[in-house]
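Notes for the structure review
Chain residues, written in single-letter form:
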Amino acid sequence: MLRYLPFLLIIALTIYTFIDCLNTPEEEVKHLPKVVWVLIILLFSIVGPVVWLFAGKKRVPGGAGRTRQGRRTWVAPDDNPEFLKSLREERDEKENGKDKE
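Read on for a plain summary of the structure.

Conventions and cut-offs
- Residues numbered from 1 in each chain as written.
- Predicted model: local features only at pLDDT ≥ 70, side-chain atom pairs only at ≥ 80, totals over all residues.
- Heavy atoms only, no water.
- Helix = DSSP H or I, 4+ residues; strand = E, 2+ residues; numbered from the N terminus.
- Buried < 20%, exposed > 50% of the residue type's maximum accessible area, 1.4 Å probe, protein only.
- Contact = heavy atoms within 4.5 Å.
- Salt bridge = Lys/Arg side-chain N within 4 Å of Asp/Glu carboxyl O.
- Phe/Tyr/Trp six-rings, centres within 6.5 Å; stacked < 30°, edge-to-face > 60°.

What to know about the side chain of Thr-24
Here Thr-24 lies in the loop between α1 (5-23) and α2 (34-43). According to the relative accessible area criterion, Thr-24 is buried, its value standing at 0%. Leaving out residues up to four positions away in the same chain, Thr-24 has contacts with Val-29, Lys-34, Trp-52 and Lys-57.

As structure tokens, this is what we get:
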């Protein structure tokens, strides 16, 4: 079973980098067009994926938790100012409606 492990790791690395390359926006790809990177990853089984990981994509310090510019992140309802404002407005409307009766 262990003799298959290197092949499985190479396949896993190739699949990961292939998907990563496809999901990367064109403006974040460095040095070569995205199509060329895909061909390099698929044609050169070990070297292609490793080169993509180190040189093919603009990396920003901060890790996986960062968001791309222009993309909104999910905010829990109790931290969302718009949601809290709508709750206050609903409460005020209900209180004003009871006062009129």
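As for the pattern of salt bridges
The tally for this structure, following the rule as stated, stands at 1 salt bridge. The closest approach of N and O atoms between Asp-92 and Arg-91, which form a salt bridge, is 3.8 Å. A residue is classified by how much of its surface remains accessible, and Asp-92, at 34% relative accessible area, is partly exposed. Classification of Arg-91 by relative accessible area gives partly exposed; the value is 45%.

Thoughts on the packing of aromatic side chains
Here the structure, examined in full by the defined rule, presents 1 aromatic pair. Their ring planes at 70° and their centres at 5.5 Å tell us that Trp-37 and Trp-52 sit as a pair that is edge-to-face. Placement of the pair is Trp-37 in helix α2 and Trp-52 in helix α3 (residues 47-56), with a sequence separation of 15 residues. Judged by relative accessible area, Trp-37 falls into the buried class, the value being 3%. Trp-52 gets classed as buried once you look at its relative accessible area, which sits at 0%.

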